[in-house]
Amino acid sequence: MTININLKELWNEQSTVIPDQKEILEKADNFRKKNLRKLVLTNILLLLTSAFIGFIWYYYQPEMITTKLGIVIVILAMIIFLCCYNLMIPELKKSDYSLSSSEYLKKLLGLKEKQKFLQTTMLNIYFIMLSAGIALYMYEYASRMKMLWTIFTYGLTFLWIAINWFYFRPKSIKKQDKAINELIDKFGNLSNQLYKEDQ
Amino acid sequence: MDNNIKISFEEIYSTYWQKVFRLSMGYVNDIDKAKDLSQETFIAVWQNLSKFRNESSIGTWIFRIASNHCLRLIEKERKMPKGDMPEDLKEEINNENEGKKDFLYKSISELPETDRIIISLELEEIKQSEIAEILGLSEANVRVRIHRIKEKLTKKFESYDD
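Only a predicted model underlies this, so the values are computations on that prediction, with no experimental measurement involved.

Colleague: Describe the interface of chain B and chain A, naming the residues involved and giving the relevant values.
Modeller: Across the contact, 58 residues belong to chain B and 44 residues belong to chain A. Both faces considered, chain B and chain A share a buried interface measuring about 4900 Å² in area, 59% of it formed by carbon and sulfur atoms. Across the chain B-chain A interface, the total number found is three salt bridges. Lys8 of chain A is paired through a salt bridge with Glu122 of chain B; the nearest N and O atoms lie 4.0 Å apart. Our count for the contact surface shared by chain B and chain A stands at 18 residue pairs in polar contact (both at pLDDT 80 or more). Secondary structure elements with two or more residues in the side of chain B that touches chain A: helix 1 (3-28), helix 2 (31-48), helix 3 (58-71), helix 4 (73-79), helix 5 (96-109), helix 6 (113-123), helix 7 (128-135) and helix 8 (139-161) of chain B.

Shown next as structure tokens:
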């Protein structure tokens with residue numbers, strides 16, 4: 001028993017100066033403002049891009065339905081991205097820390113799986129819509145070109161899309177998956193630590 | 001902000017700061033990281049205080065928040081590699097006990113993550129039933145684990161004394 005008393009005594013020797021409470025509250029406030037700023041900035045950026053594309057429509061008055069469809073699809077891609085971003089980010093950030101640790105870890109694991117699915121699916125949808133939109137948009141202008149130029153323009157665009165689809169997209173997904181899988185593993189391990197002996 | 005909440009946050013802050021700091025310190029054994037963890041815990045306490053419904057004791061509630069912050073540290077460490085952290089200012093070891101205290105915290109921080117939390121709460125003199133509630137384990141399991149962890153620590157201390 002003596003070792004027990006010693007441990008408690010030793011444990012209590014650790015102390016630190018209590019920081020000013022104001023410091024904590026300021027940090028909380030800054031944290032909230034920073035998150036809000038990021039959300040607002042992303043929204044403004046994508047909305048401005050959409051507005052710019054809308055302006056192109058208004059200014060150049062495209063005649064063909066394909067051009068208009070292309071513009072709509074591109075804008076839609078951005079809006080879908082934005083909606084998911086706005087809905088998901090707060091959900092991923094907010095976590096109920098007041099759950100018991102085993103419940104908390106379970107919830108965290110669920111969230112990470114969801115994040116993984118969304119990252120991959122969202123990226124694919126965004127990509128397909130953007131590529132389809134660009135291809136449609138180009139049609140009107142390409143059709144006015146000579147055949148050789150049309151082939152060249154479309155060839156180049158599709159090459160660029162293909163590089164993105166077959167090289168950058170899998171790379172980006174792989175990187176995100178690796179990061180998130182690592183976390184899923186680690187949180188799973190913590191959860192197992194709690195469960196293995198409590199069955 | 002509601003005045004009642006403000007007053008009770010101050011009380012909570014002064015009552016629990018050291019306790020939460022020690023729990024964090026047992027988990028990471030690094031003064032700066034432990035301070036950061038404690039600050040984050042109290043930010044969460046501040047943000048969620050209005051949601052606290054007395055379903056559990058305020059202590060259980062705060063320790064749950066603190067423990068979960070510790071467990072989530074893995075995610076933050078990934079974003080901030082260890083090399084970027086400011087180095088600890090080494091405190092001078094002026095007596096025998098200071099060395100033993102450091103050894104205790106070091107030994108605890110080397111245990112599996114959940115064991116660190118369990119023993120820290122036990123040393124903080126939290127009731128075993130409450131520890132079970134904080135972690136979501138059965139009381140029997142907590143009792144067995146505390147026993148095993150103490151045995152481990154005792155063994156480590158035997159080697160320290162040699």
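Colleague: Any chance you could break down the nonpolar core for me, citing the residues and the numbers?
Modeller: General note: in soluble globular proteins, nonpolar side chains tend to be found buried as a group. Ranked by size, the top nonpolar core spans 68 residues in total, and within it Phe42 and Leu104 of chain B carry the most contacts. Looking at this core, the element that brings in the most residues is helix 1 of chain B, giving 11 residues. Dropping the residues within four chain positions of it, Leu104 of chain B is found in contact with Leu7, Leu10 and Trp11 of chain A together with Leu123, Leu153 and Phe157 of chain B. Core analysis: the next-biggest nonpolar cluster, separate from the first, contains seven residues, Leu46, Ile53, Val74 and Ile75 of chain A among them.

Colleague: I'd like a description of the pattern of salt bridges, backed by residues and values.
Modeller: All names here are of chain B. Summed over the entire model, instances satisfying the criterion amount to 13 salt bridges over all chains. Between Asp102 and Lys101 there is a salt bridge, with the nearest N and O atoms lying 3.5 Å from each other. Assessed through its relative accessible area of 32%, Asp102 is described here as partly exposed. You can call Lys101 buried: its relative accessible area is 4%. Between Glu122 and Lys150 there is a salt bridge, and its shortest N-O distance comes to 2.9 Å. Here Lys150 lies in helix 8 and Glu122 lies in helix 6, a separation of 28 residues in the sequence. Looking at Lys150, the relative accessible area reads 15%, which means it is buried.

Quick notes on the rules
- Residues numbered from 1 in each chain as written.
- Chains lettered and ligands numbered in written order.
- Predicted model: local features only at pLDDT ≥ 70, side-chain atom pairs only at ≥ 80, totals over all residues.
- Heavy atoms only, no water.
- Contact = heavy atoms within 4.5 Å.
- Buried area = accessible area lost by both parts, 1.4 Å probe.
- Salt bridge = Lys/Arg side-chain N within 4 Å of Asp/Glu carboxyl O.
- Polar contact = N/O pair within 3.5 Å; in protein donor to acceptor, adjacent residues only side chain to side chain.
- Helix = DSSP H or I, 4+ residues; strand = E, 2+ residues; numbered from the N terminus.
- Core = buried A, V, L, I, M, F, W, Y, C linked by side-chain atoms within 4.5 Å.
- Buried < 20%, exposed > 50% of the residue type's maximum accessible area, 1.4 Å probe, protein only.

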